[in-house]
Amino acid sequence: MPTFDFDLFVIGGGSGGVRAARMAAQQGARVGLAEAAELGGTCVNVGCIPKKLYSYAAGYAESFEESAGYGWKLPEAPQFDWAYLKTQRAKEITRLNGVYASLLKNSGVTLVTGWAQLADGHTVEVDGKRHTARHLLVATGGTPFVPEIPGREHIVTSDAMFDLSPFPKRLLVVGGGYIACEFASIFNGLGAKVTQLHRRAHLLTGFDDDLRQFVAHEMGKAGVDVRLNIEATSIARGPNGPVVTLARGQQIDADTVLFATGRVPNTQGLGLEAAGVALDERGAIAVDANYRSSVPSIYAVGDVSTRVQLTPVALAEAMVVVDALFGQGKRALDYEFIPTAVFTHPNIGTCGYTEIDARARFGEVAVFSSEFKSLRHTLSGRGERTFMKLVVQKATDRVVGLHMVGADAGEIVQGFAVAMRAGATKALFDSTVGIHPTAAEEFVTMREPMPG
Ligand SMILES: Cc1cc2nc3c(=O)[nH]c(=O)nc-3n(C[C@H](O)[C@H](O)[C@H](O)COP(=O)(O)OP(=O)(O)OC[C@H]3O[C@@H](n4cnc5c(N)ncnc54)[C@H](O)[C@@H]3O)c2cc1C
């Protein structure tokens, strides 16, 4: 029997890696973890957490404005201090980095700082030192993808958005995915003049079509200049910042150009080839249903291998691996009805199938949809509207799609996701008493299906 330094060695101290290391150690395994940058990975340092903090910051601008309709007279126009927000955010992120370090330490995980490379199926090398383990887990996440475009050195990616200096008065966002939409909304709320370019006819590919149109309209009403069917072809440095040339020759000046044009798995410089780990057609680590790569002792979870790039998915995948290796045994993760939110202003919350996907998968569906001005905005003076939609499989009456654009959509949809995973029918929704007055009650009071 070969002896190893560790039972499990994890590469990457982000969402998936830290969860796997900590949980494996709590099961009594000897665990090592290598992290090349800050603990917490994308989510903590340049993703979910700082993004949501900035979304809150942008929300205050709306609240100050709306408060006038409720009788508040502000002594003077509120001033936004970008430098202060950045400092506060950095402090909180540093605190979280420390929390992650303590979690690892307290569970007995050996933390190795530095860039890790696979040497073979049981060996990882960090700064010239070799660590062996019975099992290896690659959880190295992903990184922004920027297409080859002339002048790409003048653009930034989402990683840089949290620490921009100075605050970009004119922000050009290229991209139509959730990260592009969130940054467009957030910086618009913080006071930037935001233009968002997307090469397709609608934002947010993969989301329900009605929701996509609705949210683009609401973002536009809130001040984001959303331009669709348009492509940036080059960027040059002008006297006052980057100048972006569009496919039709038009030019846009900006202080900052953000390319939010997708993400790619972090597989470079990892020694994957040396270890014989195969990649799939997306360039991600190919894994089976148990997250095992083509090398039986090497596993991969999170953005480096998954198709659903969300922190809770990375955590759940990590738990499946730990349970299989050190816990109660193999089990499969169910990817159906994963709820998600997009922190545009207004927010998006969604769970289950889009109307089109539901028709393809379940046959005939009934669609219930509602659009209204929430009670809050009767006095606030804001023209923002709320959108809700249910997609119901006709044969079983099961609610298979639930979509919302409106305040706190993520908070609302999380609860409904439990009901949907439990197989809740439309009749069950209808028999549930609403909470009045809320926007959420609309989900249990929609009675008339859309025609067709
Ligand atoms: C702007 C933005 C907003 C997002 N918002 C949300 C959100 O609201 N909700 C949500 O669920 N998800 C969100 N995500 C996605 C979420 O951040 C990722 O799905 C999640 O972080 C993936 O976790 P992971 O463990 O796979 O990788 P990561 O968290 O990226 O961790 C990978 C870690 O591996 C380290 N590493 C890489 N290579 C090496 C190496 N060779 N040696 C040592 N260490 C290495 C990296 O430094 C990093 O710390 C967002 C992402 C972005 C970019």
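It should be noted that the structure appears before, not after, this text.
In this text, all values refer to a predicted model and were calculated from it rather than measured experimentally.

**Points about the packing of aromatic side chains**
Argument step 1. Taken as a whole and assessed by the stated rule, the structure comprises 15 aromatic pairs.
Argument step 2. Relative to W82, the ring of Y54 lies with its centre 5.5 Å away and its plane at 65 degrees, an arrangement referred to as edge-to-face. Remark: W82 occurs in helix α4 (residues 82–106) and Y54 occurs in helix α3 (residues 48–67); sequence separation between them is 28 residues. One exposure class covers both Y54 and W82, and it is buried.
Argument step 3. An aromatic cluster is built from Y54, F80, W82, F162, F167, F183 and F187, whose rings are joined through pairwise contacts.
Argument step 4. In this structure, K426 packs its charged tip against the face of F368, placed 4.2 Å from the ring centre.

**Digging into the site of the ligand**
Argument step 1. Taken together, 37 residues lie around the ligand, and G16, E35, T42, K51 and D303 are the ones closest in.
Argument step 2. Between the ligand and the protein, one listed contact pairs an oxygen atom with a backbone N or O atom of C43 at 3.5 Å.
Argument step 3. A distance of 3.5 Å separates an oxygen atom of the ligand from a polar atom in the backbone of Q309.
Argument step 4. Computed on the free molecule, the ligand has an accessible area of 1,000 Å², of which 94% lies beneath the protein chains in the complex.
Argument step 5. Looking at the shell around the ligand, the elements with two or more residues in it are α1 (15–26), β2 (31–35), α2 (41–46), α3, α6 (178–190) and α9 (311–326).

**What about the sheet that holds strand β18 (residues 348–352)?**
Argument step 1. One open sheet accounts for five strands, arranged β17-β18-β21-β20-β19; its pairing is antiparallel. Where the open sheet ends on each side, the last strands, each with one partner, are β17 (340–342) and β19 (365–372). Each neighbouring strand pair of the sheet contributes to a mean axis angle of 10 degrees, computed without reference to strand direction.

**So, the sheet that holds strand β11 (residues 232–238)**
Argument step 1. On the basis of which strands lie adjacent, the open sheet formed by three strands has the order β11-β12-β13 and antiparallel pairing. The open sheet has two edge strands with one neighbour each: β11 and β13 (251–253). Between one strand and the next, the sheet's axes are offset by a mean angle of 25 degrees, whatever the strand orientation.
Argument step 2. Relative to strand β12 (residues 241–246), β11 runs antiparallel, the two sharing six bridges. Each bridged residue has a counterpart across the sheet, and for A236 the counterpart in β12 is V243.

**Overview of the packing of α1 against α9**
Relative placement of two packed helices is described by the angle separating their axes and the distance separating the axes.
Argument step 1. Taken N-terminus to C-terminus, the directions of α1 and α9 make an angle of 30 degrees; their axes are 8 Å apart at the nearest point. On the basis of their axis angle, the class for α1 and α9 is roughly parallel. The chirality of how α1 crosses α9 is right-handed. Contacts from S15, G16, R19, A20, M23 and A24 of α1 reach α9 at T311, A314, L315, A318, M319, V322 and F326.

**Observations regarding the environment of A160**
Argument step 1. Tracing the sequence through the fold places A160 in helix α5 (residues 158–161).
Argument step 2. A160 sits in the partly exposed class, given a relative accessible area of 31%.
Argument step 3. Distance in space between the C-alpha atoms of A160 and L258 is 8.9 Å, their sequence separation being 98 residues.

Scoring rules and cut-offs
- Residues numbered from 1 in each chain as written.
- Predicted model: local features only at pLDDT ≥ 70, side-chain atom pairs only at ≥ 80, totals over all residues.
- Heavy atoms only, no water.
- Phe/Tyr/Trp six-rings, centres within 6.5 Å; stacked < 30°, edge-to-face > 60°.
- Helix = DSSP H or I, 4+ residues; strand = E, 2+ residues; numbered from the N terminus.
- Buried < 20%, exposed > 50% of the residue type's maximum accessible area, 1.4 Å probe, protein only.
- Lys NZ or Arg CZ within 6 Å of the ring centre and 35° of its normal.
- Near = heavy atom within 4 Å.
- Polar contact = N/O pair within 3.5 Å; in protein donor to acceptor, adjacent residues only side chain to side chain.
- Areas by Shrake-Rupley, 256 points an atom, 1.4 Å probe, with all protein chains shown as cover.
- Pairing = 2+ DSSP bridges.
- Axes fitted to C-alpha atoms, helices over the stretch in contact; angles between N-to-C directions.
- Parallel < 35°, antiparallel > 145°, perpendicular 65-115°, else oblique.
- Left-handed = near helix turned anticlockwise from the far one by under 90°.
- Contact = heavy atoms within 4.5 Å.

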